[in-house]
Amino acid sequence: MSHILIAEQVLNGLQFGVMLFLMAAGLTLIFGVMGLINLAHGSLYMIGAFFAAVVAGWTGSFLLALIAAMAAAAAAGALVELVVIRRLYDKDHLDQVLATFALILIFSEGTRWVFGSFPLFLDIPDALSGPVTLPGGIQYPLYRLVLIGTGLGVALGLGLLITRTRIGIQIRAGENDREMIAALGVDISRLYTLVFALGAALAGLAGALVGAIQSVQVGMGEPVLILAFVVIVIGGIGSIRGALVGAILVGLTDTLGGVFLPELFKLFMEPSAATSVGSSLASMAIYILMAVVLIWRPTGLFGARA
Amino acid sequence: MRREAALNAAILVALIAVPAWAHLSDEPFTITLATRAVILALAAVGLNIALGIGGMVSFGHAVYFGIGGYAMGILASHAQSYTPMELFGLSIEGTKSMLVIWLVAVVLSALAALVIGLLSLRTSGVYFIMITLAFGQMFFFFSISWAAYGGEDGLSIYVRNGFPGLNTLVPIQYFGLCLAILLVVLWFNARLARSPFGLALNAARQSPARAETVGLNPMRLRLVAFVISGAITGLAGALFADLNRFVSPTMFSWQLSGEITVLIIIGGVGRLMGPVAGAVVFVALEHLLGGLTEFWHIYLGAALLLVVLFARGGLVGLIAGRPGGGGGGHG
Amino acid sequence: MADAVLSTHGITKRFGAVTASEDVSLELRPGEIHAVIGPNGAGKSTLIAQICGGLRPDAGRVELLGRDVTGLATPERARLGLGRTFQVSALAMEDTVLQNALLGALGASGRVWRFLGAALGDRALRAQAEEALGRVGLAEHAAMRVSELGHGQRRLLEVAIALTLQPKAFVMDEPMAGLGADGSKRMTAFLDGLRAEAPILLVEHDMDAVFALADRISVLVYGRVIATGTVAEIRASAAVREAYLGEEA
């Protein structure tokens, strides 16, 4: 097992992790501020990817495609918040899960209706395609490096937004005490719509960015959604820092587990059995990680104690 | 209360009359649909014990459904290939006997529920929803990579398993068998809800502090309810696999967990016949709307949304009025 | 000392920099009503939680019938004979009054692992529940849902559930709260008779009730007991006047 392979896989895991972070950040903000479990977050990811693919097809510009993805997802998020979600804030988790599960059905089937079941494709822009050589002689795709950079940049930006800006102060206040913030004269329903749209825009951005390395199709949001939930539960719901740590943990566990667990089992098992045991354990690894974290700390790594 | 009893009776009559009519007019597909509804209802009745009485929002009940399914698939596949399975040095024969398969399904899903419950019940609220989901995903991915039993493709069983005195391949006979099981479990559920255990569990959901102050341990009550719930859903899984003569990892999928939950919500959380009403409506919608449009999930989604937002008691609540004890979430 | 039914010995509880209980030692003796009073934030709720098992003290111990129960959970203490009522009613709101009372009898009996017979069909439990409801005057409301009860009736139901446990000691957290003059008077009369059955540790804001009922009073200020004594002694205490009654006046 060469160092180069290991370094490559670590980078892959990091790239996967930061994309999960884009999803998880929105989910965790929405839960932290509004106390809402939003299963339909994966649909916003899908909407972002579809708009990016369509706009890139029309204009040929990847940048415009990204902007369209974020705008469309934010608009869809704001619309859903205004029409459905705000009726759910004071309901229990079960109602929230089911209503947003219903939204998934509507979004997925609606998208299938409009675009059909065949996947769309979104190309990596020429300027970002091809490999670059990193220190140590590692050849690595430039686009994936850009994804890592973008994800970390967004994480930094979100951190600054939360700690340094007026809206960030309102968000943090909203997490602690809803009545207090209403008493301070902040328009709470506008804040909620804004937070929801912000979360949606991040999901849309993730969908568009990942859409360029995978296919754009109906149902692409749900696997990512589940992983994003795993991320925020590991990190502690409501914590942006937890989401970042959880996302990178999950990204690395998933990627490295898939590559190295079969190899590990080959050390003491026959190769075919090792591959099957190793890969099955690898796909279970992040859920095992999550279960272990929750059993150890029932409210996640950075979660408030119950 | 009286209206709910009348509604319950009406649902049962419909559940018997429709397949009887289908049998007489030689419409086996309708009987298969009714059997599907009965089995899904059974799975949801199981979940409703944890969810409706115990207040545990499990989003991973597909685990038990899948275990029941694979118990059937694995035992029957060994029987049909005449090869015993090797397990820890033991050589175990497969079987085509439903009774044995059910027993294995119930015991294994109860065991799984015991372990998962012990670990998950330490958490509450969203964390409980998510950890049960995580266990579901573990089983899902495990089944996908379990090449010995079909992996992603699943397992086909050629002939439906046998039950003494019945020809289970005749649709109406298999339907009758499943309905009988559902009725027995509903009877058990009705008794359970009124039993000392049910009273305590129900109180522990509404006010854990109250249960503790009278000397009851809410955690233990919930765990026992969770095991009973998992065992019933596991039995439903074995029946479902036998209906389709096929098992695959989709029985473990989180969408299936969601679907079982949806049945309960449509029907009415914590209501005895809620899951049955929900399953009947769900299968009917699936069939009728599915025939009209390929995109019937849109309408299902819209219906579900309307129920959650405007008809909190589900269909039973809508027709029969206020609940007889139920509703609400865990933590 | 040995004859105290319920006692705390130097219990201390801190939350970060805040000391909610500091070296609190109290005794509840047979046949008495021992009132704990103190201004808001004095640490009464934290004290009750430690006595009943919701919180574990950082130091010190709690004894019930001479047995150290500091390490026991709430249900275990309840089964040993601790009957508690809540400040904010904690009841199964969807259930009937009778079902709630029956729950107490059921918990006390320990025979909860029965899955088929009807709980309401258990004559022994039912008799116990109905007797308790009768004693607090809720018999005719037995079939009502708790959610339909008035506030005062819910307080009575809290007491009735505690009665079904046939406890060795009562811990009551503001049973008079929100009762109004009439209700308070009736509750006072009821508790007055109850002390012969089992002593009551009474946390209460209603000073009329406290002075009418208490055999002894402990005054809690900033987590510390600043005085314990008879009604007359407490009324006369300069320290109490300064720290507590002064604020009331």
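Residues numbered from 1 in each chain as written. Chains lettered and ligands numbered in written order. Predicted model: local features only at pLDDT ≥ 70, side-chain atom pairs only at ≥ 80, totals over all residues.

*Asks:* So what exactly am I meant to see when it comes to the nonpolar core here?
*Replies:* Here is a general trend for soluble globular proteins: nonpolar side chains tend to be buried in one another's company. Membership of the largest hydrophobic core comes to 301 residues, with the highest contact counts inside it found for A52, A69 and V230 of chain A together with A200 of chain B. If one sorts the elements of this core by residue count, helix α2 (residues 28–53) of chain B sits on top with 17 residues. The residues that make up this core include at least three from each of domain 1 (1–81 + 168–249) and domain 2 (92–166) of chain C. Not counting residues within four places of it along the chain, the set of residues in contact with A200 of chain B comprises A211, L216 and L221 of chain B together with L103, L106 and V112 of chain C. (Core = buried A, V, L, I, M, F, W, Y, C linked by C-beta atoms within 7 Å. Buried ≥ 20, exposed ≤ 12 C-beta atoms within 10 Å, placed from the backbone. Helix = DSSP H or I, 4+ residues; strand = E, 2+ residues; numbered from the N terminus. Domains from an automatic or database assignment. Contact = placed C-beta atoms within 7 Å.)

*Asks:* What exactly am I supposed to notice about the interface of chain B and chain C here?
*Replies:* One frequently used descriptor of interface size is the decrease in accessible area upon assembly of the parts. Between chain B and chain C, the residue contacts involve 22 residues of the former and 30 residues of the latter. Mapped by element, the contributors of at least two residues to the side of chain B that touches chain C are α6 (171–194), α7 (196–206) and α8 (208–213) of chain B. Looking at the side of chain B that touches chain C element by element, the count peaks at 7 residues for α7 of chain B. Looking at the side of chain B that touches chain C residue by residue, the class counts come to 10 nonpolar, 8 polar and 4 charged. (Nonpolar A, V, L, I, M, F, W, Y, C, P; charged D, E, K, R; others polar.)

*Asks:* What's the story with the packing of α7 of chain B against helix α9 (residues 218–244) of chain B in this structure? I'm lost.
*Replies:* Helix packing geometry: the angle between the two helix axes and the distance between the axes. Residue and element names in this part refer to chain B. Where α7 contacts α9, the two axes come as close as 9 Å, and the packing angle between them is 115°. For the pair α7 and α9, the crossing hand works out as left-handed. Along the contact surface, α7 presents A200, L201 and A204, while α9 presents P218, L221, R222 and A225. Here the contact of α7 with α9 is built from residues that sort into 6 nonpolar, no polar and 1 charged. (Axes fitted to C-alpha atoms, helices over the stretch in contact; angles between N-to-C directions. Left-handed = near helix turned anticlockwise from the far one by under 90°.)

*Asks:* In this structure, what is going on with the confidence of the model for chain C? I would like to understand it.
*Replies:* Any segment with low pLDDT has predicted coordinates that should not be analysed in fine detail. Of the residues in chain C, 97% have a pLDDT of 70 or more, and the chain-wide mean is 91. Across the interfaces of the predicted complex, the ipTM metric reaches 0.91, alongside a pTM of 0.90. (pLDDT = per-residue confidence, 0-100.)

*Asks:* Quick question: what am I supposed to make of the sheet that holds strand β4 (residues 59–64) of chain C here?
*Replies:* The strands that make up a sheet pair up through hydrogen bonds in the backbone, lying either parallel or antiparallel. Residue and element names in this part refer to chain C. Pairing within the open sheet is antiparallel, and its 4 strands lie in the order β2-β1-β4-β5. Looking along the sheet, the strands with just one partner apiece sit at the ends: β2 (18–28) and β5 (67–68). Of the strand pairs in this sheet, β4 and β5 are connected by 2 bridges, and their pairing is antiparallel. What sits directly across from L64, in β5, is R67. Docked against the sheet, helix α1 (residues 44–52) engages β1 (6–15), β2 and β4, running at close to 60° with respect to β2. (Pairing = 2+ DSSP bridges.)

*Asks:* Any chance you could explain the pairing of β1 of chain C here in plain terms?
*Replies:* Sheet faces and side chains relate simply in a regular strand, where the side chains alternate between the two faces. Residues and elements named next belong to chain C. Strand direction decides the pairing type here: β1 and β2, joined by 7 bridges, are antiparallel. Looking at the pairing, S7 lines up with E27 of β2. The hairpin turn running from β1 into β2, its antiparallel successor, is 2 residues long, and G16 in that turn takes a positive phi close to 60°. Inspection of the sheet shows β1 paired to β4 by 5 bridges, in the antiparallel sense. Along β4, the bridge assignment pairs L6 with L64.

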